[in-house]
Amino acid sequence: GAGVSQSPSNKVTEKGKDVELRCDPISGHTALYWYRQSLGQGLEFLIYFQGNSAPDKSGLPSDRFSAERTGGSVSTLTIQRTQQEDSAVYLCASSLGGPGSNQPQHFGDGTRLSIL
Amino acid sequence: DQQVKQNSPSLSVQEGRISILNCDYTNSMFDYFLWYKKYPAEGPTFLISISSIKDKNEDGRFTVFLNKSAKHLSLHIVPSQPGDSAVYFCAASYNTNAGKSTFGDGTTLTVKP
């Protein structure tokens with residue numbers, strides 16, 4: 001399809017393990033965003049990429065969280081030594097253009113992460 | 001401190017009537033506002049937006065109103081349809097904020113047939 005693709009759609013893992021979440025943005029979209037939605041909460045901004053660089057990492061909750069983007073396309077969000085409070089739906093979005101372009105974000109369906 | 005607030009967690013309306021979803025913000029630097037709609041187990045989808053230079057934007061059954069002095073925006077859906085039942089998120093951004101949007105917690109709209 002032509003939309004934002006995230007994998008896996010669901011991930012269950014034990015506390016302390018590392019997890020890697022993947023996002024394939026819409027082709028040609030230069031901006032890529034990661035959000036987290038905990039149960040009953042709104043969307044919490046994590047990190048934003050413009051091309052391969054991340055001008056804004058202010059939302060990453062701790063140094064256990066990191067993200068990278070390669071080739072201006074695929075992005076991976078890595079959570080090391082997972083904790084139960086990391087359980088949430090992790091959403092990726094992409095948009096055509098970055099700051100000031102006022103382009104809406106197109107979201108994937110998210111990865112539902114459950115930490116046992 | 002939450003910069004974008006949707007004070008009504010839920011709203012129920014009858015099919016054919018108007019649905020009004022409200023959103024308040026505190027950051028006067030916000031200059032672009034968006035509404036997203038989210039169905040269960042899916043990501044949010046963009047619905048409609050408005051720039052701070054306007055006070056109204058209309059797209060079919062959806063109209064967004066912006067009152068900058070009150071730091072308030074609203075989404076009107078008329079007539080409401082059962083397929084409109086979803087969670088609606090208000091989001092706001094400003095040019096120098098690295099493109100990041102700040103989202104409200106959402107309002108769950110239920111349209112009853």
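The coordinates are above.
Residues numbered from 1 in each chain as written. Chains lettered and ligands numbered in written order. Predicted model: local features only at pLDDT ≥ 70, side-chain atom pairs only at ≥ 80, totals over all residues. Heavy atoms only, no water.

Undergrad: In this structure, what is going on with the pairing of strand β3 (residues 19–25) of chain B? I would like to understand it.
TA: It is a general feature of regular strands that their side chains alternate between the two faces of the sheet. Residues and elements named next belong to chain B. Burial of β3 is one-sided: the residues S19, L21, C23 and Y25 facing one way are buried, the residues I20, N22 and D24 facing the other way are not. Of the pairings in the sheet, the one linking strand β1 (residues 4–5) to β3 comprises two bridges and is antiparallel in character. If you follow K5 over to β3, its bridge partner there is D24. Pairing analysis gives six bridges linking β3 to strand β8 (residues 72–77), with the strands arranged antiparallel. Across the sheet, C23 pairs through a bridge with L73, a residue of β8. (Buried < 20%, exposed > 50% of the residue type's maximum accessible area, 1.4 Å probe, protein only. Helix = DSSP H or I, 4+ residues; strand = E, 2+ residues; numbered from the N terminus. Pairing = 2+ DSSP bridges.)

Undergrad: I'm lost on the sheet that holds strand β7 (residues 65–69) of chain A in this one. Help?
TA: Within a beta sheet, neighbouring strands are joined by backbone hydrogen bonds and run either parallel or antiparallel to one another. All names here are of chain A. If you trace the four strands from one edge of the open sheet to the other, you get β1-β3-β8-β7, paired in antiparallel fashion. Each edge of the open sheet carries a strand with a single partner, namely β1 (5–7) and β7. If you compare each strand with its neighbour and ignore which way they point, the axes differ by 15 degrees on average. Across three bridges, the pairing between β1 and strand β3 (residues 19–24) is antiparallel. Bridge assignment links S5 to a residue of β3, and that residue is D24. (Axes fitted to C-alpha atoms, helices over the stretch in contact; angles between N-to-C directions.)

Undergrad: Please clarify how the interface of chain A and chain B should be interpreted in this entry.
TA: Quite often, the size of an interface is put as the accessible area lost when its parts meet. Contacts between the two partners involve 19 residues from chain A, matched on the other side by 19 residues from chain B. Around 1,600 Å² of area is buried between chain A and chain B when both sides are counted, 58% of it from carbon and sulfur atoms. On inspection of chain A and its partner chain B, the count reaches zero salt bridges. Where chain A touches chain B, the interface holds five residue pairs in polar contact (both at pLDDT 80 or more). Residue assignment for the side of chain A that touches chain B shows that the elements contributing at least two residues are β4 (31–37) and β5 (44–50) of chain A. Top element by residues in the side of chain A that touches chain B is β4(A). It accounts for three residues. For the side of chain A that touches chain B, the residue count by class is nine nonpolar, eight polar and two charged. (Contact = heavy atoms within 4.5 Å. Buried area = accessible area lost by both parts, 1.4 Å probe. Salt bridge = Lys/Arg side-chain N within 4 Å of Asp/Glu carboxyl O. Polar contact = N/O pair within 3.5 Å; in protein donor to acceptor, adjacent residues only side chain to side chain. Nonpolar A, V, L, I, M, F, W, Y, C, P; charged D, E, K, R; others polar.)

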